[in-house]
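Here are the chains, one letter per residue:
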Amino acid sequence: MTDRRQFLKWSALGTAALATGCGTAPPPEVENVVQPTKTLPLKGPVVLSTWDHGLAANAKAWDVLKAGGSVLDAVESGVAVVESDMSNRSVGLGGMPDRDGVVTLDACIQDHEGRAGAVAFLEQIEHPISVARAIMERTPHVMLVGEGAQHWALENGFTKRSVPMDAAVRKQWEDWKKEQRYWPAPNVENHDTIGLIAVDGNGHMAGSCTTSGMAFKVHGRVGDSPIIGGGLFVDGDVGAACATGTGELVIRIAGSHTVVELMRNGVEPEEACRQAVQRILAKNPGLKDTQVGFLALRKDGAHGACSVVKGFTYALHTSEGNSLHEATFLSATP
Ligand code: GLY
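All values derive from a computational prediction rather than experimental measurement. (Residues numbered from 1 in each chain as written. Predicted model: local features only at pLDDT ≥ 70, side-chain atom pairs only at ≥ 80, totals over all residues. Heavy atoms only, no water.)

1. Observations regarding the packing of aromatic side chains
How we decide: Side-chain rings of Phe, Tyr and Trp, where Trp is taken by its six-membered ring, are said to pair if the distance between their centres is within 6.5 Å; with planes under 30 degrees apart they count as stacked, over 60 as edge-to-face, and otherwise as tilted. Helix and strand assignments follow DSSP, with helices taken as H or I runs no shorter than four residues and strands as E runs no shorter than two, numbered in order from the N terminus. When a residue's accessible area, from a 1.4 Å probe over protein chains only, is under 20% of the maximum for its type it is buried; when over 50% it is exposed; and in between it is partly exposed. Charge-over-ring placement is defined geometrically: NZ (Lys) or CZ (Arg) within 6 Å of the ring centre, and within 35 degrees of the ring normal.
According to the stated counting rule, one finds 2 aromatic pairs in the structure shown. For the pair Trp51 and Phe312, a centre-to-centre distance of 5.1 Å together with 70 degrees between the ring planes defines the contact as edge-to-face. Residue Trp51 is located in the loop between strand E3 (46-50) and helix H2 (54-66), and its partner Phe312 is located in the loop between strand E12 (303-309) and strand E13 (313-318); the two are separated by 261 residues in the primary sequence. Residue Trp51 is classed as buried on the basis of its relative accessible area of 1%. Aromatic side chains Trp176 and Phe216 sit 5.1 Å apart centroid to centroid with 25 degrees between the ring planes, which places their arrangement in the stacked category. Placement of Trp176 in helix H6 (residues 167-179) and of Phe216 in the loop between strand E8 (205-211) and strand E9 (232-235) is noted, with a sequence separation of 40 residues between them. With respect to class, Trp176 is no different from Phe216; both count as buried. In this arrangement the basic side chain of Lys177 is found over the ring face of Trp173, its NZ or CZ atom lying 3.7 Å from the centre.

2. Structural notes on the sheet that holds strand E11 (residues 292-298)
Threshold: We call two strands paired when DSSP finds no fewer than two bridges between them. As a rule, the C-alpha atoms of each element are fitted with a line to give its axis, helices using only the stretch in contact, and angles between N-to-C directions run from 0 to 180 degrees. In what follows, a contact means two residues having at least one pair of non-hydrogen atoms within 4.5 Å.
The sheet built from 5 strands is open, its strands ordered E9-E10-E11-E12-E15 with mixed pairing. The open sheet has two free edges, formed respectively by E9 and strand E15 (328-331), since each of these has just one partner strand. Going from strand to strand, the sheet's axes swing by 15 degrees on average, the running direction of each strand aside. Note that E9 and strand E10 (residues 239-245) share 4 bridges and pair antiparallel. Bridge pairing links Leu232 to Cys242 in E10. Those strands touched by helix H8 (residues 255-264) are E9, E10 and E11, and its axis lies near 145 degrees from that of E10. Running over the sheet, helix H9 (residues 269-283) touches E11, E12 and E15 and is turned about 20 degrees from E12.

3. What about the sheet that holds strand E14 (residues 321-326)?
Where strands meet in a sheet, backbone hydrogen bonds hold them as pairs that are either parallel or antiparallel. Across the sheet, 8 strands lie side by side as E6-E5-E4-E8-E7-E3-E13-E14; this open sheet has mixed pairing. The open sheet is flanked by strand E6 (143-145) and E14, the only strands paired with a single partner. Across this sheet, the average inter-strand angle for adjacent strands is 10 degrees, counted without regard to direction. As judged from the 4 bridges shared by E3 and strand E7 (residues 194-199), these two strands associate in the antiparallel manner. When the bridges of E7 are listed, Ser49 appears paired with Leu196. Each of strand E4 (105-110), strand E5 (116-122), E6 and E8 is contacted by helix H4 (residues 128-138), which is oriented at about 135 degrees to E5, the strand it contacts most.

Set out below in C-alpha coordinates:
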(Lines give C-alpha, C1' and ligand atoms only; values in the text may rest on other atoms or scores of the structure.)
Protein backbone atom coordinates (compact mmCIF):
# COMPACT_ATOMS: atom_id res chain seq x y z
CA MET A 1 0.00 0.00 0.00
CA THR A 2 2.81 2.36 0.85
CA ASP A 3 3.74 2.82 -2.80
CA ARG A 4 0.15 3.84 -3.55
CA ARG A 5 0.34 6.71 -1.07
CA GLN A 6 1.16 10.17 -2.18
CA PHE A 7 1.07 12.90 0.35
CA LEU A 8 0.65 16.38 -0.92
CA LYS A 9 1.68 19.34 1.13
CA TRP A 10 -1.22 21.62 1.95
CA SER A 11 -1.67 23.37 -1.35
CA ALA A 12 -4.16 24.78 -3.79
CA LEU A 13 -4.58 21.27 -5.20
CA GLY A 14 -5.10 19.78 -1.76
CA THR A 15 -7.59 22.47 -0.84
CA ALA A 16 -9.56 21.88 -4.02
CA ALA A 17 -9.59 18.14 -3.50
CA LEU A 18 -10.91 18.43 0.03
CA ALA A 19 -13.46 21.07 -0.77
CA THR A 20 -14.81 18.94 -3.60
CA GLY A 21 -15.03 15.99 -1.23
CA CYS A 22 -17.72 17.40 1.02
CA GLY A 23 -18.71 20.79 -0.26
CA THR A 24 -17.39 22.63 2.79
CA ALA A 25 -14.15 24.43 3.47
CA PRO A 26 -11.43 22.14 4.81
CA PRO A 27 -10.37 22.61 8.42
CA PRO A 28 -7.06 24.44 8.79
CA GLU A 29 -5.69 21.64 10.99
CA VAL A 30 -5.38 19.31 8.01
CA GLU A 31 -1.76 19.46 6.98
CA ASN A 32 -1.60 16.69 4.43
CA VAL A 33 -4.03 15.22 2.01
CA VAL A 34 -3.96 11.90 0.28
CA GLN A 35 -4.07 11.59 -3.45
CA PRO A 36 -7.02 9.25 -4.04
CA THR A 37 -6.06 6.01 -5.67
CA LYS A 38 -8.11 3.52 -7.59
CA THR A 39 -8.09 -0.07 -6.40
CA LEU A 40 -8.67 -2.64 -9.06
CA PRO A 41 -11.40 -5.21 -8.57
CA LEU A 42 -10.15 -8.56 -7.29
CA LYS A 43 -11.33 -11.97 -8.41
CA GLY A 44 -12.62 -14.46 -5.86
CA PRO A 45 -13.27 -13.89 -2.17
CA VAL A 46 -11.87 -10.85 -0.41
CA VAL A 47 -11.78 -10.43 3.38
CA LEU A 48 -10.86 -7.06 4.85
CA SER A 49 -10.62 -6.21 8.55
CA THR A 50 -9.34 -3.58 10.95
CA TRP A 51 -5.96 -3.45 12.69
CA ASP A 52 -3.26 -6.08 13.14
CA HIS A 53 -5.63 -8.43 14.91
CA GLY A 54 -7.47 -8.58 11.58
CA LEU A 55 -4.84 -11.04 10.33
CA ALA A 56 -6.06 -13.79 12.69
CA ALA A 57 -9.70 -12.92 11.99
CA ASN A 58 -9.15 -12.96 8.23
CA ALA A 59 -7.38 -16.33 8.41
CA LYS A 60 -10.36 -17.88 10.19
CA ALA A 61 -12.89 -16.24 7.86
CA TRP A 62 -10.92 -17.49 4.87
CA ASP A 63 -10.87 -21.05 6.23
CA VAL A 64 -14.64 -20.93 6.64
CA LEU A 65 -15.11 -19.76 3.05
CA LYS A 66 -12.65 -22.36 1.75
CA ALA A 67 -14.57 -25.08 3.59
CA GLY A 68 -17.77 -24.00 1.81
CA GLY A 69 -19.22 -21.93 4.65
CA SER A 70 -21.36 -18.91 3.91
CA VAL A 71 -19.93 -15.41 3.96
CA LEU A 72 -22.10 -14.74 7.03
CA ASP A 73 -20.49 -17.72 8.81
CA ALA A 74 -17.10 -16.36 7.76
CA VAL A 75 -17.57 -12.85 9.15
CA GLU A 76 -18.97 -14.19 12.42
CA SER A 77 -16.25 -16.82 12.94
CA GLY A 78 -13.47 -14.42 11.96
CA VAL A 79 -14.16 -11.78 14.59
CA ALA A 80 -15.03 -14.45 17.19
CA VAL A 81 -11.33 -15.39 17.20
CA VAL A 82 -10.47 -11.90 18.43
CA GLU A 83 -13.37 -11.90 20.92
CA SER A 84 -11.86 -15.03 22.48
CA ASP A 85 -8.41 -13.50 22.87
CA MET A 86 -8.43 -12.42 26.53
CA SER A 87 -5.21 -10.47 26.03
CA ASN A 88 -6.97 -8.15 23.57
CA ARG A 89 -7.88 -4.90 25.32
CA SER A 90 -10.42 -3.52 22.85
CA VAL A 91 -12.52 -6.52 21.86
CA GLY A 92 -14.31 -9.14 23.96
CA LEU A 93 -14.29 -9.88 27.67
CA GLY A 94 -10.56 -9.11 27.94
CA GLY A 95 -11.32 -5.52 26.93
CA MET A 96 -10.87 -2.40 29.02
CA PRO A 97 -13.58 -1.77 31.61
CA ASP A 98 -15.89 1.21 31.77
CA ARG A 99 -15.72 3.94 34.43
CA ASP A 100 -17.37 1.61 36.95
CA GLY A 101 -14.96 -1.24 36.28
CA VAL A 102 -17.38 -3.28 34.16
CA VAL A 103 -16.55 -4.67 30.70
CA THR A 104 -19.53 -4.07 28.39
CA LEU A 105 -19.60 -5.26 24.80
CA ASP A 106 -21.13 -3.97 21.56
CA ALA A 107 -21.45 -5.86 18.26
CA CYS A 108 -23.40 -6.06 15.04
CA ILE A 109 -23.63 -8.16 11.90
CA GLN A 110 -25.27 -7.65 8.53
CA ASP A 111 -25.77 -9.89 5.53
CA HIS A 112 -26.08 -9.64 1.78
CA GLU A 113 -29.83 -9.08 1.96
CA GLY A 114 -29.47 -6.22 4.42
CA ARG A 115 -30.72 -8.28 7.36
CA ALA A 116 -29.10 -7.02 10.54
CA GLY A 117 -28.60 -7.94 14.18
CA ALA A 118 -26.97 -5.96 16.96
CA VAL A 119 -26.31 -6.09 20.67
CA ALA A 120 -25.05 -3.34 22.93
CA PHE A 121 -24.05 -2.80 26.56
CA LEU A 122 -23.82 -6.59 26.99
CA GLU A 123 -22.01 -8.11 29.97
CA GLN A 124 -20.37 -11.50 30.54
CA ILE A 125 -21.02 -13.14 27.19
CA GLU A 126 -17.91 -14.24 25.30
CA HIS A 127 -19.29 -13.82 21.77
CA PRO A 128 -21.46 -10.73 21.34
CA ILE A 129 -21.14 -11.20 17.57
CA SER A 130 -22.98 -14.53 17.84
CA VAL A 131 -25.65 -12.94 20.03
CA ALA A 132 -26.06 -10.25 17.34
CA ARG A 133 -26.46 -12.92 14.68
CA ALA A 134 -28.94 -14.87 16.81
CA ILE A 135 -30.99 -11.69 17.35
CA MET A 136 -31.03 -11.19 13.58
CA GLU A 137 -32.08 -14.76 12.87
CA ARG A 138 -34.37 -15.56 15.79
CA THR A 139 -36.20 -12.34 16.64
CA PRO A 140 -38.18 -9.77 14.67
CA HIS A 141 -35.83 -7.11 16.06
CA VAL A 142 -32.48 -5.63 15.09
CA MET A 143 -30.98 -4.65 18.44
CA LEU A 144 -31.16 -5.72 22.08
CA VAL A 145 -29.26 -3.96 24.85
CA GLY A 146 -28.06 -4.38 28.40
CA GLU A 147 -29.78 -6.66 30.88
CA GLY A 148 -32.53 -7.51 28.41
CA ALA A 149 -29.97 -8.61 25.84
CA GLN A 150 -28.12 -10.74 28.37
CA HIS A 151 -31.38 -12.28 29.59
CA TRP A 152 -32.39 -13.10 26.01
CA ALA A 153 -28.95 -14.55 25.25
CA LEU A 154 -29.06 -16.82 28.31
CA GLU A 155 -32.54 -17.99 27.33
CA ASN A 156 -31.23 -18.77 23.87
CA GLY A 157 -28.30 -21.02 24.65
CA PHE A 158 -25.50 -18.59 25.46
CA THR A 159 -23.68 -18.98 28.76
CA LYS A 160 -22.20 -16.46 31.17
CA ARG A 161 -18.44 -16.13 31.42
CA SER A 162 -16.78 -14.10 34.10
CA VAL A 163 -13.24 -12.85 33.43
CA PRO A 164 -11.36 -11.32 36.38
CA MET A 165 -9.80 -7.94 35.74
CA ASP A 166 -6.13 -8.22 34.81
CA ALA A 167 -3.80 -6.58 37.37
CA ALA A 168 -2.25 -4.23 34.80
CA VAL A 169 -5.69 -3.17 33.58
CA ARG A 170 -6.80 -2.53 37.17
CA LYS A 171 -3.78 -0.27 37.64
CA GLN A 172 -4.65 1.68 34.46
CA TRP A 173 -8.23 2.03 35.65
CA GLU A 174 -7.10 3.28 39.07
CA ASP A 175 -4.70 5.74 37.41
CA TRP A 176 -7.41 6.93 35.00
CA LYS A 177 -9.81 7.63 37.85
CA LYS A 178 -7.44 10.32 39.12
CA GLU A 179 -7.96 12.49 35.99
CA GLN A 180 -11.07 11.00 34.34
CA ARG A 181 -10.30 12.34 30.87
CA TYR A 182 -12.52 11.05 28.06
CA TRP A 183 -10.45 11.44 24.95
CA PRO A 184 -8.81 8.24 23.76
CA ALA A 185 -5.32 8.54 22.37
CA PRO A 186 -5.09 7.35 18.77
CA ASN A 187 -3.87 3.87 17.84
CA VAL A 188 -3.42 2.69 21.42
CA GLU A 189 -1.93 -0.82 21.28
CA ASN A 190 -2.76 -0.79 17.57
CA HIS A 191 -6.42 -1.71 17.91
CA ASP A 192 -9.86 -0.48 18.81
CA THR A 193 -12.71 -2.60 17.53
CA ILE A 194 -12.59 -5.31 14.95
CA GLY A 195 -14.66 -4.67 11.87
CA LEU A 196 -14.55 -7.33 9.16
CA ILE A 197 -16.20 -7.10 5.74
CA ALA A 198 -16.09 -9.81 3.11
CA VAL A 199 -17.29 -10.86 -0.30
CA ASP A 200 -17.36 -14.50 -1.38
CA GLY A 201 -16.67 -15.98 -4.79
CA ASN A 202 -20.34 -15.48 -5.78
CA GLY A 203 -20.34 -11.77 -4.98
CA HIS A 204 -22.28 -12.23 -1.75
CA MET A 205 -21.27 -9.89 1.05
CA ALA A 206 -21.50 -9.71 4.83
CA GLY A 207 -19.90 -7.77 7.65
CA SER A 208 -19.33 -7.92 11.39
CA CYS A 209 -18.12 -5.47 14.00
CA THR A 210 -17.40 -6.07 17.70
CA THR A 211 -15.75 -4.13 20.52
CA SER A 212 -15.50 -3.53 24.23
CA GLY A 213 -15.68 0.16 23.35
CA MET A 214 -13.87 3.18 24.65
CA ALA A 215 -11.81 2.48 27.76
CA PHE A 216 -13.36 3.87 30.97
CA LYS A 217 -16.50 5.04 29.14
CA VAL A 218 -19.49 6.10 31.20
CA HIS A 219 -21.41 2.99 32.28
CA GLY A 220 -24.12 2.57 29.65
CA ARG A 221 -22.24 4.29 26.82
CA VAL A 222 -22.70 2.67 23.42
CA GLY A 223 -20.31 3.45 20.56
CA ASP A 224 -20.59 3.10 16.82
CA SER A 225 -19.73 -0.58 16.59
CA PRO A 226 -23.24 -2.02 17.14
CA ILE A 227 -24.92 0.74 15.13
CA ILE A 228 -25.94 -0.38 11.65
CA GLY A 229 -24.76 2.44 9.39
CA GLY A 230 -22.27 3.63 12.03
CA GLY A 231 -19.66 0.95 12.69
CA LEU A 232 -20.86 -1.28 9.87
CA PHE A 233 -23.03 -1.16 6.79
CA VAL A 234 -23.56 -3.79 4.09
CA ASP A 235 -25.57 -3.38 0.94
CA GLY A 236 -25.31 -6.54 -1.12
CA ASP A 237 -25.94 -4.58 -4.34
CA VAL A 238 -23.11 -2.12 -3.74
CA GLY A 239 -20.56 -2.96 -1.08
CA ALA A 240 -19.73 -2.84 2.61
CA ALA A 241 -17.90 -0.56 5.00
CA CYS A 242 -16.81 -0.66 8.63
CA ALA A 243 -15.31 1.84 11.03
CA THR A 244 -12.92 1.96 13.95
CA GLY A 245 -11.87 4.68 16.34
CA THR A 246 -13.78 7.22 18.40
CA GLY A 247 -17.35 6.00 17.97
CA GLU A 248 -19.06 9.30 18.68
CA LEU A 249 -17.37 10.87 15.65
CA VAL A 250 -18.46 7.95 13.45
CA ILE A 251 -22.08 7.92 14.64
CA ARG A 252 -22.50 11.64 14.00
CA ILE A 253 -21.88 11.20 10.27
CA ALA A 254 -23.44 7.71 9.96
CA GLY A 255 -19.94 6.78 8.87
CA SER A 256 -20.18 3.33 7.30
CA HIS A 257 -23.47 4.16 5.62
CA THR A 258 -21.87 7.29 4.21
CA VAL A 259 -19.02 5.27 2.70
CA VAL A 260 -21.40 2.77 1.08
CA GLU A 261 -23.64 5.53 -0.29
CA LEU A 262 -20.62 7.24 -1.81
CA MET A 263 -19.69 3.95 -3.51
CA ARG A 264 -23.30 3.59 -4.70
CA ASN A 265 -22.83 6.94 -6.44
CA GLY A 266 -19.73 5.71 -8.22
CA VAL A 267 -17.01 6.93 -5.87
CA GLU A 268 -14.05 4.54 -5.64
CA PRO A 269 -13.74 2.70 -2.28
CA GLU A 270 -10.63 4.49 -1.06
CA GLU A 271 -11.96 7.86 -2.11
CA ALA A 272 -15.25 7.06 -0.33
CA CYS A 273 -13.33 6.41 2.89
CA ARG A 274 -11.34 9.59 2.38
CA GLN A 275 -14.49 11.67 1.92
CA ALA A 276 -16.01 10.21 5.10
CA VAL A 277 -12.85 11.09 7.05
CA GLN A 278 -12.88 14.54 5.51
CA ARG A 279 -16.49 15.00 6.62
CA ILE A 280 -15.45 14.22 10.20
CA LEU A 281 -12.58 16.69 10.00
CA ALA A 282 -14.80 19.38 8.49
CA LYS A 283 -17.43 18.96 11.19
CA ASN A 284 -14.91 18.92 14.03
CA PRO A 285 -12.59 21.87 13.46
CA GLY A 286 -9.48 21.56 15.55
CA LEU A 287 -9.86 17.81 15.94
CA LYS A 288 -6.59 16.44 17.27
CA ASP A 289 -5.24 13.41 19.02
CA THR A 290 -7.99 11.06 17.97
CA GLN A 291 -8.39 8.36 15.41
CA VAL A 292 -11.17 7.20 13.12
CA GLY A 293 -10.57 4.78 10.28
CA PHE A 294 -12.82 3.39 7.57
CA LEU A 295 -12.55 0.30 5.39
CA ALA A 296 -14.58 -0.10 2.21
CA LEU A 297 -15.14 -3.15 0.05
CA ARG A 298 -17.04 -2.95 -3.19
CA LYS A 299 -19.06 -5.91 -4.42
CA ASP A 300 -16.48 -6.61 -7.14
CA GLY A 301 -13.65 -6.86 -4.58
CA ALA A 302 -12.21 -3.37 -5.05
CA HIS A 303 -11.34 -1.99 -1.64
CA GLY A 304 -9.91 1.00 0.17
CA ALA A 305 -9.13 2.53 3.54
CA CYS A 306 -8.50 5.93 5.07
CA SER A 307 -8.05 7.30 8.57
CA VAL A 308 -7.84 10.61 10.37
CA VAL A 309 -4.26 10.18 11.57
CA LYS A 310 -1.40 7.91 10.64
CA GLY A 311 -1.25 4.46 12.16
CA PHE A 312 -4.48 2.73 11.14
CA THR A 313 -3.56 -0.72 9.90
CA TYR A 314 -5.84 -3.20 8.20
CA ALA A 315 -5.60 -6.80 7.08
CA LEU A 316 -6.48 -7.92 3.56
CA HIS A 317 -6.98 -11.56 2.58
CA THR A 318 -7.26 -12.42 -1.12
CA SER A 319 -6.37 -15.53 -3.06
CA GLU A 320 -2.81 -14.18 -2.96
CA GLY A 321 -2.59 -14.35 0.82
CA ASN A 322 -3.26 -12.51 4.06
CA SER A 323 -1.32 -9.29 4.52
CA LEU A 324 -1.20 -6.18 6.67
CA HIS A 325 -1.38 -2.67 5.23
CA GLU A 326 -1.35 0.87 6.54
CA ALA A 327 -4.22 3.11 5.57
CA THR A 328 -3.82 6.47 3.93
CA PHE A 329 -4.58 9.34 6.30
CA LEU A 330 -5.69 12.95 6.11
CA SER A 331 -4.23 14.66 9.14
CA ALA A 332 -0.52 14.61 9.80
CA THR A 333 -0.89 15.26 13.51
CA PRO A 334 -1.26 12.03 15.48
N1 GLY B 1 -15.25 2.32 17.84
C2 GLY B 1 -15.48 1.75 19.09
C3 GLY B 1 -16.15 2.62 20.03
O4 GLY B 1 -16.06 3.85 19.95
O5 GLY B 1 -16.77 2.12 20.94
